[in-house]
Amino acid sequence: MQTTTLQITKCESSKIDQVNFDKLPFGEIFTDHMFICDYKNGAWSNPRIQPYQPLQIAPSARVFHYGQAIFEGMKAYKDDEGGVWLFRPDQNYERINKSAERMAMPPLPKEYFFEGLHELLRLDQEWIKPGIGNTLYVRPFMIASQAGIIASAAEEFTFMIICAPAQSYFTGSVSVKIEEHYSRAANGGFGYAKAAGNYAGQFYPTQLAKQEGFQQVVWTDATEHKYIEEAGTMNIFVRLKDTLVTCPVSDRILDGVTRKSLLQMAEDMGIKTEVRPIAVSELVKGIASGEMTELFGAGTAAVVSPISGFSYEGKRYELPELSKDSYALRLKNQLMNIQYNRSEDPHGWREQVVTS
Ligand SMILES: *Cc1c(COP(=O)(O)O)cnc(C)c1O
């Protein structure tokens, strides 16, 4: 670590025996420990691991009033021999610092991120269960913890990592509303950052969509609502004939690790890929002609989330049922095989945290 060494305070007894791993509600149960460090007087300090516990923080802290907060989402996986792996964590590290820059927050030193992460996973490794679909969801985040409601960037911050055991089971396809009024992100805005406010701004339009019978919103460009940009909090892919297409990242679109990995894997599998703006009109035409056969979201949480149909300009469009050899399922399986150390890792994406 930069200034001090990592201090570890272990919990007195593990909560793990109280957890039913066959029936995990997502993101509600956390492991025994958390990593925490502080930014003060222009430097990060006091990196420590302590029992997972509530924080003491002033009610006037900037995070509560101005939303100066960012986060990451990643997963740890256990292979059948007990080895624990992360998937491209360097990408999450780079991205949290990109988000930090945009939200006027200090970059996090690499040692803090990785030593904190590795030590935490080593301590709580029993919480990661083997078997495809079982993961530990890892949530690094940074908040403006300085007291005082002055509407300017804080100078004191707290960075933490907490972990929640998770299971992913196939939840089926979702039906989505292509958004024609609300926007998730603006030109010159911070849509590319994993900032807390991006999520808060999505809740209301998503609630409206749910009331109309959809499970999710597909965000479109803020100017004309003519080009698709993201599927909820995931990047979006479409299959047109034999080509897998996704839109380019921009200051409105988050540069997802899953997105870039799927693009690379598709190329490795000999699937033609295109990265270009995708007009909603192409989807409508593609359904009519039968040339559009897949539409799916991609992100760490669900890996791939197939979309069964969408609505646009008051009309509903249905996609054909996903076949076993769909791009969505082939890519999902291949990605999970890499993540769980069940196949070759030609691009060096896996990082071992605990050896078996
Ligand atoms: C996190 C996130 C994604 C997916 O990124 P991954 O790195 O693949 O998990 C996509 N879109 C938004 C808006 C996100 O916040």
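If you're wondering where the values come from, they're calculated on a predicted model, not measured in any experiment.

From N to C terminus, the protein chain includes seven helices and 19 strands. On C-alpha atoms alone, the protein chain measures out to a radius of gyration of 21 Å, which is about the 21 Å that the 2.2 N^0.38 rule sets for 356 residues. Along the longest, intermediate and shortest principal axes, the C-alpha atoms of the protein chain span 60 × 50 × 35 Å. Across the 356 residues of the protein chain, 52% fall into the buried class. Contacts in the protein chain between residues far apart in sequence, at least 24 positions, make up 72% of those at least 6 positions apart. Accessible surface computed for the protein chain: about 16300 Å², of which carbon and sulfur atoms make up 49%. Charged side chains of the protein chain number 36 positive and 43 negative; the gap between the two group centres comes to 2 Å.

Segmentation of the protein chain into domains returns domain 1 (7–166) and domain 2 (174–322). Using C-alpha coordinates to define each centre, domain 1 is positioned 28 Å away from domain 2. On the side of domain 2, 17 residues touch domain 1, which itself brings 16 residues to the contact. The junction of domain 1 with domain 2 conceals about 1500 Å² of combined surface from both sides, 59% of it contributed by carbon and sulfur atoms. It is Phe71, Arg95 and Arg102 that lose the most area in domain 1 upon contact with domain 2, and together they represent 40% of the buried surface on that side. At the surface where domain 1 touches domain 2, the tally comes to zero salt bridges. At the boundary of domain 1 with domain 2, the tally comes to ten residue pairs in polar contact (both at pLDDT 80 or more). Within the residue set of the side of domain 1 that touches domain 2, elements represented by two or more residues are strand 4 (69–71), strand 5 (74–78) and helix 2 (89–102). Per element, the largest residue contribution to the side of domain 1 that touches domain 2 is six residues, and it comes from helix 2. Along the lines of polarity and charge, the residues of the side of domain 1 that touches domain 2 split into six nonpolar, four polar and six charged.

Attention shifts here to the nonpolar core. Among the nonpolar cores identified, the biggest contains 42 residues, and Trp44, Phe113, Leu117, Leu121 and Phe159 are the most heavily contacted of them. If you tally residues by element for this core, the top one is helix 3 (residues 110–123), at six residues. Residues Val245, Cys247, Val280 and Ile307 belong to the second largest nonpolar core, which totals 23 residues.

Right, let's talk about the side chain of arginine 350 for a bit. For arginine 350, the location among the structural elements is in strand 19 (residues 350–354). At 4.1 Å, aspartate 345 is the nearest oppositely charged side chain to arginine 350, a buried residue that forms no salt bridge. Among all residues touching arginine 350, those that are not within four sequence positions of it are Trp85, Leu86, Asn337, Ile338, Gln339, Asn341, Arg342, Ser343, Glu344 and Asp345.

For serine 281, the location among the structural elements is in helix 6 (residues 280–289). Counting along the chain gives twelve residues from serine 281 to methionine 269, while the straight-line C-alpha distance between them is 29 Å.

Cut-offs and rules
Residues numbered from 1 in each chain as written. Predicted model: local features only at pLDDT ≥ 70, side-chain atom pairs only at ≥ 80, totals over all residues. Heavy atoms only, no water. Helix = DSSP H or I, 4+ residues; strand = E, 2+ residues; numbered from the N terminus. Rg over C-alpha atoms; globule rule 2.2 N^0.38 Å. Buried < 20%, exposed > 50% of the residue type's maximum accessible area, 1.4 Å probe, protein only. Contact = heavy atoms within 4.5 Å. Areas by Shrake-Rupley, 256 points an atom, 1.4 Å probe, with all protein chains shown as cover. Lys, Arg positive; Asp, Glu negative; His and termini not counted. Charge placed at Lys NZ, Arg CZ, Asp CG, Glu CD. Domains from an automatic or database assignment. Buried area = accessible area lost by both parts, 1.4 Å probe. Salt bridge = Lys/Arg side-chain N within 4 Å of Asp/Glu carboxyl O. Polar contact = N/O pair within 3.5 Å; in protein donor to acceptor, adjacent residues only side chain to side chain. Nonpolar A, V, L, I, M, F, W, Y, C, P; charged D, E, K, R; others polar. Core = buried A, V, L, I, M, F, W, Y, C linked by side-chain atoms within 4.5 Å.

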